[in-house]
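# Coordinates in review
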Number of protein chains: 2
Amino acid sequence: METVERIVLAMAELMRRQGYAATGINQLVEVSGAPTGSIYHHFKGGKPAVAAAALRQTGAVYIELLPLLLDPYDDLATGVEAAFAQAAEDMETTGWANLCPVGTVTGEIADTVPELREVAAEVIAHWVDEGTRYFVGRGLSDTDARSAIYALVSALEGAFILARGQRSREPLHAAGKATAAYFATMSARIRTQVPEPGSSAGR
Amino acid sequence: METVERIVLAMAELMRRQGYAATGINQLVEVSGAPTGSIYHHFKGGKPAVAAAALRQTGAVYIELLPLLLDPYDDLATGVEAAFAQAAEDMETTGWANLCPVGTVTGEIADTVPELREVAAEVIAHWVDEGTRYFVGRGLSDTDARSAIYALVSALEGAFILARGQRSREPLHAAGKATAAYFATMSARIRTQVPEPGSSAGR
């Protein structure tokens, strides 16, 4: 594995477990196996620069899960509920691991590390753009699609925190049921609406 | 203000802004105005003990907002959407302040500070118990009420993070709309169901 990749993966893993503030360069050296000089050679900005790269890479991987999880389901609401249930199972089998360091790190650093807050905003905007495009492809209107991805990510990030706090699948199951109910109301609109000429509905 | 109260409030304020790991006893001395000896006198366990008290107190205050925000609305779904809109406005007017340090701190410390993770679990369980009781009082079944409070808190905590990251009201508005749509499906069940004899529906 390339040195840069090892450094970024180690930072993502450390932030997932203990957040941004608790993670120091010494620990990053230890976990990545890359010497301090190498870290600063590749990341002139030091720790915040490595963290930025880790958030960008983690964020890019996460949004690719959306089609993988939902494509198998003709009914979006059913797919959404199954995706939350899968997340609950993944958390329990990994000892309630933090499935999304982007969310927890964003909450931690939003007021204190402006350059990382901007990277988090960029990652979230990418999720929203990709998610909107995906749900438009599944037949939702632009407005519904954008609300849908925001609602899905909000419910998921919040339920991750509650599930980690309580070491319980219940928050994810409840959030999944609620988000699925919302998707069902939007799907009902697809079935009853007359598509506008030239609209992007259907795929 | 009592010394203990000043220490706890200062800790809550510091954790809201910068999380748990970044907050040191020296800073707590500075912000609370209480000397180090006084902090350890009142909190033998030091920083994690002060943080535990701050999470418990903040958590207790938050759940009291639920009836205050929803009682004015005959329709729960309308009330839920309004509550998310109010949270969005409060965040923007406070410069995207962290409205709930419990959520961000739980995400940060769940893997690293076991005694604080247990306190977070206790605070969340209290929210769920109180919220379930409240929604049963508003006519939901026990099962629906428990799902409802989990879904509401998940959506709110997740949307807080996205809103802070993006400095935008949009995540909270979308999460509010989605959560309201879920509540509307439960309210529809109230209207169509025949109450069981001795059930606690209605208030």
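Another aspect to go through is the overall build of chain A. Summing up its helical and strand segments, chain A has 9 helices and 0 strands in all. Taken from the N to the C terminus, the helices and strands of chain A come in the order α-α-α-α-α-α-α-α-α. Taken over the C-alpha atoms alone, chain A extends approximately 60 × 40 × 35 Å along its principal axes.

Least-squares fitting of chain A to chain B yields an RMSD of 0.0 Å, with the transformation described by 0.0 Å of translation along the axis and a rotation of 180°. Those values place the two copies in the arrangement expected of a two-fold rotation axis. Here 100% of the interface residues in chain A have copies in chain B that are interface residues too; the copies meet face to matching face.

Taken together, the contacts link 45 residues of chain A with 45 residues of chain B. For the side of chain A that touches chain B, the secondary structure elements donating two or more residues are helix 1 (3-18), helix 6 (101-109), helix 7 (114-137), helix 8 (142-166) and helix 9 (170-192) of chain A. Per element, the largest residue contribution to the side of chain A that touches chain B is 15 residues, and it comes from helix 8 of chain A. Broken down by class, the residue content of the side of chain A that touches chain B amounts to 22 nonpolar, 15 polar and 8 charged.

What follows covers the packing of helix 9 of chain A against helix 9 (residues 170-192) of chain B. Orientation of helix 9 of chain A relative to helix 9 of chain B, taken along the N-to-C sense of each, is 85°, at an axis distance of 8 Å. As summarised for this structure, helix 9 of chain A and helix 9 of chain B are arranged roughly perpendicular, according to the angle between their axes. Across the interface between the two elements, Ala-178, Thr-179, Ala-181, Tyr-182 and Thr-185 of chain A of helix 9 of chain A pack against Ala-178, Thr-179, Ala-181, Tyr-182 and Thr-185 of chain B of helix 9 of chain B. For the contact of helix 9 of chain A with helix 9 of chain B, the class distribution of residues is 6 nonpolar, 4 polar and no charged.

Moving on, we come to unusual backbone geometry. Most of the time, phi is negative for any residue but glycine, and the peptide bond is trans. Residues and elements named next belong to chain B. We note that Trp-96 has phi near 60°; this positive angle belongs to a residue other than glycine. Inspection of the secondary structure assignment puts Trp-96 in the loop between helix 5 (76-93) and helix 6 (101-109). Its identity as a non-glycine residue notwithstanding, Arg-167 has a phi of 50°, on the positive side. As for its position among the elements, Arg-167 is in the loop between helix 8 (142-166) and helix 9. Residue classification places Arg-167 among the partly exposed positions, given that 14 C-beta atoms sit within 10 Å.

By size, the foremost hydrophobic cluster in this structure holds 134 residues, and its most contacted members are Met-11, Val-50 and Ala-175 of chain A together with Met-11, Val-50 and Ala-175 of chain B. For Met-11 of chain A, the contacting residues outside a window of four places in its chain are Leu-28, Val-50, Ala-51 and Ala-54 of chain A.

This next bit is on the packing of helix 4 (residues 47-70) of chain A against helix 7 of chain A. Between two packed helices, both the angle of their axes relative to each other and the distance between the axes serve to describe the pair. All names here are of chain A. Orientation of helix 4 relative to helix 7, taken along the N-to-C sense of each, is 15°, at an axis distance of 10 Å. Here helix 4 is positioned roughly parallel relative to helix 7, judged by the angle of their axes. Both helix 4 and helix 7 take part in a crossing whose hand is right-handed. Note on element contacts: helix 7 touches helix 4 through Glu-115, Leu-116, Val-119, Ala-120, Val-123, His-126, Trp-127, Glu-130, Gly-131 and Tyr-134, opposite Pro-48, Ala-51, Ala-52, Leu-55, Arg-56, Gly-59, Ile-63, Leu-66 and Pro-67.

In this model helix 8 of chain B runs 36 Å from its N-terminal to its C-terminal C-alpha over 25 residues, within 8% of the 36 Å that 1.5 Å per residue would give. Arg-167 of chain B sits one or two residues past helix 8 of chain B and shows a positive phi near 50°.

With 95% of its residues at a pLDDT of at least 70, chain A reaches an overall mean of 94. Confidence metrics for the complex model read pTM 0.93 and ipTM 0.93.

This part is about helix 7 (residues 114-137) of chain B. Structural remark: α-helix, 3.6 residues per turn; residues separated by three or four positions point the same way. Between its terminal C-alpha atoms helix 7 of chain B stretches 35 Å, which fits the 34 Å expected from 24 residues at 1.5 Å a residue. Inspection of helix 7 of chain B places Leu-116, Arg-117, Val-119, Ala-120, Val-123, Ile-124, Trp-127, Val-128, Gly-131, Thr-132 and Phe-135 of chain B among the buried residues, and these make up the whole buried set. Residues of helix 7 of chain B that are buried in the fold lie against helix 8 of chain A together with helix 4 (47-70), helix 6 and helix 8 of chain B. Looking at the residues trailing helix 7 of chain B, positive phi occurs at Gly-139 of chain B, about 105°.

Attention now goes to the environment of Ile-25 of chain B. Residue and element names in this part refer to chain B. Following the sequence through the fold, Ile-25 ends up in helix 2 (residues 25-32). When the 14 C-beta atoms within 10 Å are taken as the criterion, Ile-25 is described as partly exposed. Separated by 115 residues in the primary sequence, Ile-25 and Leu-140 place their C-alpha atoms 45 Å from one another. Each residue touching Ile-25, except ones within four places of it in the same chain, is listed here: Thr-36, Ile-39, Gly-46 and Lys-47.

Conventions and cut-offs
- Residues numbered from 1 in each chain as written.
- Chains lettered and ligands numbered in written order.
- Predicted model: local features only at pLDDT ≥ 70, side-chain atom pairs only at ≥ 80, totals over all residues.
- Helix = DSSP H or I, 4+ residues; strand = E, 2+ residues; numbered from the N terminus.
- Least-squares fit on C-alpha atoms with pLDDT ≥ 70 in both.
- Contact = placed C-beta atoms within 7 Å.
- Nonpolar A, V, L, I, M, F, W, Y, C, P; charged D, E, K, R; others polar.
- Axes fitted to C-alpha atoms, helices over the stretch in contact; angles between N-to-C directions.
- Parallel < 35°, antiparallel > 145°, perpendicular 65-115°, else oblique.
- Buried ≥ 20, exposed ≤ 12 C-beta atoms within 10 Å, placed from the backbone.
- Core = buried A, V, L, I, M, F, W, Y, C linked by C-beta atoms within 7 Å.
- Left-handed = near helix turned anticlockwise from the far one by under 90°.
- Expected span 1.5 Å × (residues − 1).
- pLDDT = per-residue confidence, 0-100.

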